[in-house]
Amino acid sequence: FDIINIRRWLKLADNLKEIILNLLSIFIDDTALENIRSKLTNKKFRIIFIVFILCIIFIVITYLYLSSITVTKVTISENVLYMNVNDSQTLTATVLYSNNSISDKVIWTSSNESVATIDKNGIVYALAKGTTIITAQASRNNTTETVECEITVQAPPSGYSISVQQTEIDSYAYIYVTPYEDDITNIQIYGKSPSGEIFTPNKDKENLYHFYSECGTWTIYASVENNAGTYEANKPEDFVTIEVTNIFSTQSLTDDILDIFQ
């Protein structure tokens, strides 16, 4: 359409006017039709009519253009994500359309909402240990594209079992710590002496733990750690005791940890 050419638009308006009058002639008499014809020939009315037609044409063209736009691709800020229980993190999605425009209008869903949920703003809430797939979906004009993010939620350790096998030979005490989870990255042994002092011994070159000696009842416990956090002893079953009745001349008591990961 050549908007600058006013004559063309006036001719178009006249043609449309005649079409409308022909249609009206079916329903109204000649007197009413002539009355309408006289009004349509009014210059001011013709301008209004042209503007009206232009608006209709603009609306139609806009509708046809918008209805031709399709979704071509959806991208996401993270394709793999590791989270800890009770953490939250925001995912962002970008939608590319056939007209090269972009937006962030997507629908978020989680394949396992018992593990993690996601709200309309892309905020992921980690609820429990496990794996879920977060999906971002964009749709327009009968086209749909999706993109996924695999989320692994890690939970802190839930505890451990601990036992002691005390021997008479060489005054060794074999301490066994067995975590409930298999993703433990560190185990720390603690020894509380009869006087109440707490020791956190280090291993020597022979892979033995050494506690400073003190006769009486020692309380032994541990903490276990993974990437999601640390479990500290807090239940009665997390503690065991060792009776120390002999003091070495070196003023040390050796507690041998055979295999704390056993």
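Everything below is about the structure shown above.
Residues numbered from 1 in each chain as written. Predicted model: local features only at pLDDT ≥ 70, side-chain atom pairs only at ≥ 80, totals over all residues. Heavy atoms only, no water.

A. Structural view of the overall build of the chain. Scanning the chain for helices and strands turns up 3 helices and 19 strands. Taking all 262 residues of the chain together, 32% fall into the buried category. Taking contacts inside the chain between residues at least 6 apart in sequence as the whole, the part at least 24 apart equals 57%. Counting every atom, the chain has about 16400 Å² of accessible surface; 54% of that belongs to carbon and sulfur. (Helix = DSSP H or I, 4+ residues; strand = E, 2+ residues; numbered from the N terminus. Buried < 20%, exposed > 50% of the residue type's maximum accessible area, 1.4 Å probe, protein only. Contact = heavy atoms within 4.5 Å. Areas by Shrake-Rupley, 256 points an atom, 1.4 Å probe, with all protein chains shown as cover.)

B. View of the pattern of salt bridges. Taken as a whole and assessed by the stated rule, the structure comprises 1 salt bridge. Asp238 is the partner of Lys235 in a salt bridge, and the nearest nitrogen-oxygen pair spans 3.9 Å. Overall, Lys235 belongs to the partly exposed group, its relative accessible area being 25%. Residue classification places Asp238 among the buried residues on the basis of a relative accessible area of 0%. (Salt bridge = Lys/Arg side-chain N within 4 Å of Asp/Glu carboxyl O.)

C. Structural view of a nonpolar patch on the surface. Taken together, Phe52, Ile56, Phe58, Ile59, Val60, Tyr63 and Leu64 make up a surface patch of nonpolar side chains, about 770 Å² in accessible area. Within the secondary structure, Phe58 is located in helix α3 (residues 43–66). (Patch = residues over 30% accessible without salt bridge, like charges linked within 9 Å, V, L, I, M, F, W, Y side chains within 5 Å.)

D. Layout of the sheet that holds strand β2 (residues 80–84). Taken together, 4 strands build an open sheet; the order of strands is β2-β10-β9-β6 and the sheet is mixed. This sheet does not close on itself; its edge strands, each paired only once, are β2 and β6 (107–110). Shown here is a sheet whose adjacent strand axes are inclined to one another by a mean of 25°, direction ignored. With 5 bridges joining them, β2 and strand β10 (residues 143–154) adopt parallel strand pairing. Residue pairing for β10: Val80 is matched across the bridge by Glu150. (Pairing = 2+ DSSP bridges. Axes fitted to C-alpha atoms, helices over the stretch in contact; angles between N-to-C directions.)

E. Local environment of the environment of Ile175. The residue Ile175 is located in strand β12 (residues 173–179) in this model. Residue classification places Ile175 among the buried positions, given a relative accessible area of 0%. Separated by 11 residues in the primary sequence, Ile175 and Val164 place their C-alpha atoms 4.6 Å from one another.

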